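The chain contents come next:
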Amino acid sequence: MSTLKAGVIGYPIHHSKSPIIHGHWIEEYDLTGTYETIEIAPENLKEDIQKLVDQGFHGFNATIPHKENIMALCDEVDETAKAIGAVNTILIKDRKLFGSNTDVFGFIQNIKQEVPHFDFKNKRAVVLGAGGAARAIVYAFKQEDVSEIIITNRTREKAESLIELAPDQVRIIDWELREYALKGSDLLVNTTSLGMEGQLALELDLTQLPTHALVNDIVYTPLMTDLLSDAKAQGNDIVTGIGMLLHQARPAFEKWTGILPDVDDALIKKVLS
Ligand SMILES: NC(=O)c1ccc[n+]([C@@H]2O[C@H](COP(=O)([O-])OP(=O)(O)OC[C@H]3O[C@@H](n4cnc5c(N)ncnc54)[C@H](OP(=O)(O)O)[C@@H]3O)[C@@H](O)[C@H]2O)c1
């Protein structure tokens, strides 16, 4: 390929770890090019994206607050992004914008890489939270034939808005009753911001959770959240959240370069340092 020209748009954007991830792969696969952070205010979205097209960008990632609004500016949007209602990856080809969402891939691949024997089919999953990340995860569960998806969220109406993603599988349980949802479950995922550095703690007694259940926290600062420590102490398999961030970047890199890169220890180390 010619020299890669890519980046991530957001507002603000200085916190993004994406340049570390894509920079690592550019180096590892002996490519030339750049992946930069590009700050775009919401009111300038259309004009500033046009500038990226004019400058010959191969594509870019979109993060907060552009993931939803950018959909209307795309010439085509893939099925996953349409279902979730958010685009995080754009390929520019013949001056056209092709939008997709790679969070579903990232979430699933992280668990598959970390716990290869785990089979999603016919399992019962509990999802804590009902924000943007939960939408991608509920859709991922539907794709992987999870048979029951129990969603519990502080704001019940937001949990109810996720039913449309998997009407036959989703059941809602009130946030105050979340511990009852754990009984008989095979998989527990925290998609709330609780437990993240600077946020409130996630209060959850895991006694009811079977020890065979897999526990994943998509919060990755800190990497070992209290939820994961408690689950590990109880004998459950655990998966941290950093892998979702890394794996979701892989299909984007592939769209722009034709190479589906790996997530290896060197990359994990770089991103966490
Ligand atoms: N590992 C990864 O690659 C990855 C990817 C995406 C996101 N994340 C992380 O996942 C978390 C959620 O992201 P998001 O984009 O889904 O955010 P979001 O759309 O803002 O959703 C936040 C969720 O947290 C809940 N919440 C916030 N404060 C709460 C509180 N005090 N008590 C109970 N629930 C509370 C919200 O409940 P309400 O609906 O009641 O407000 C909502 O369900 C963030 O920490 C983010 O960094 C990680």
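Model, not experiment: these values are computed from the prediction.

1. Observations concerning the site of the ligand
Stage number 1. Around the ligand lies a shell of 22 residues, among which Ala-133, Asn-153, Arg-154, Thr-155 and Ile-218 are the nearest.
Stage number 2. For the ligand, a nitrogen atom lies 2.9 Å from a polar atom in the backbone of Ile-218.
Stage number 3. Residue Leu-245 places a main-chain N or O atom 3.1 Å away from an oxygen atom belonging to the ligand.
Stage number 4. Alone, the ligand offers 920 Å² of accessible surface; in the complex the protein occludes 75% of this.
Stage number 5. Only helix 5 (132-143) and helix 9 (242-257) provide two or more residues apiece to the shell around the ligand.

2. Some words on helix 5
Stage number 1. An ideal rise of 1.5 Å per residue puts 16 Å on twelve residues; helix 5 measures up with 17 Å between its terminal C-alpha atoms.
Stage number 2. Among the residues of helix 5, those classed as buried are Ala-134, Arg-135, Ala-136, Ile-137, Val-138, Tyr-139, Ala-140 and Phe-141.
Stage number 3. Looking at the buried positions of helix 5, the neighbouring elements they touch are helix 3 (79-84), helix 4 (103-114), strand 7 (124-128), strand 8 (148-152), strand 9 (170-172) and strand 10 (187-190).
Stage number 4. Looking one or two residues beyond helix 5, the residue adopting positive phi is Asp-145, at roughly 60 degrees.

3. A short note on the environment of Glu-39
Stage number 1. In this structure, Glu-39 sits in strand 2 (residues 33-39).
Stage number 2. Setting aside its immediate chain neighbours within four residues, Glu-39 contacts Gly-10, Tyr-11, Pro-12 and Ile-13.

4. Comments concerning the packing of helix 1 (residues 18-28) against helix 10 (residues 265-272)
In helix packing, the relevant descriptors are the interaxial angle and the interaxial distance, both defined with respect to the helix axes.
Stage number 1. In the contact formed by helix 1 and helix 10, the axes pass within 10 Å of each other and the chain directions differ by 145 degrees. Helix-helix and strand crossings are classified by hand; for helix 1 and helix 10 the assignment is right-handed. For the pair helix 1 and helix 10, contact is made by Ile-20, Ile-21, His-24, Trp-25 and Glu-27 and by Ala-266, Leu-267, Lys-270 and Val-271, respectively.

5. Some words on the domain arrangement of the protein
Stage number 1. Taken domain by domain, the protein comprises domain 1 (4-101 + 245-272) and domain 2 (104-240).
Stage number 2. Look at where the C-alpha atoms of domain 1 and domain 2 centre, and you get two points 26 Å apart.
Stage number 3. Across the contact, 13 residues belong to domain 1 and twelve residues belong to domain 2.
Stage number 4. Counting the surface lost from both domain 1 and domain 2, the interface buries some 1100 Å², and carbon and sulfur atoms represent 67% of this.
Stage number 5. Of all residues in domain 1, Ala-83, Ile-84 and His-247 bury the most surface against domain 2, accounting for 46% of the area lost on that side.
Stage number 6. Inspection of the region where domain 1 meets domain 2 yields zero salt bridges.
Stage number 7. The interface formed by domain 1 and domain 2 includes four residue pairs in polar contact (both at pLDDT 80 or more).
Stage number 8. Among the secondary structure elements, those contributing two or more residues to the side of domain 1 that touches domain 2 are helix 3 and helix 9.
Stage number 9. The element best represented in the side of domain 1 that touches domain 2 is helix 9, accounting for five residues.
Stage number 10. Partitioning the side of domain 1 that touches domain 2 into residue classes produces six nonpolar, four polar and three charged.

What counts as what
- Residues numbered from 1 in each chain as written.
- Predicted model: local features only at pLDDT ≥ 70, side-chain atom pairs only at ≥ 80, totals over all residues.
- Heavy atoms only, no water.
- Near = heavy atom within 4 Å.
- Polar contact = N/O pair within 3.5 Å; in protein donor to acceptor, adjacent residues only side chain to side chain.
- Areas by Shrake-Rupley, 256 points an atom, 1.4 Å probe, with all protein chains shown as cover.
- Helix = DSSP H or I, 4+ residues; strand = E, 2+ residues; numbered from the N terminus.
- Expected span 1.5 Å × (residues − 1).
- Buried < 20%, exposed > 50% of the residue type's maximum accessible area, 1.4 Å probe, protein only.
- Contact = heavy atoms within 4.5 Å.
- Axes fitted to C-alpha atoms, helices over the stretch in contact; angles between N-to-C directions.
- Left-handed = near helix turned anticlockwise from the far one by under 90°.
- Domains from an automatic or database assignment.
- Buried area = accessible area lost by both parts, 1.4 Å probe.
- Salt bridge = Lys/Arg side-chain N within 4 Å of Asp/Glu carboxyl O.
- Nonpolar A, V, L, I, M, F, W, Y, C, P; charged D, E, K, R; others polar.

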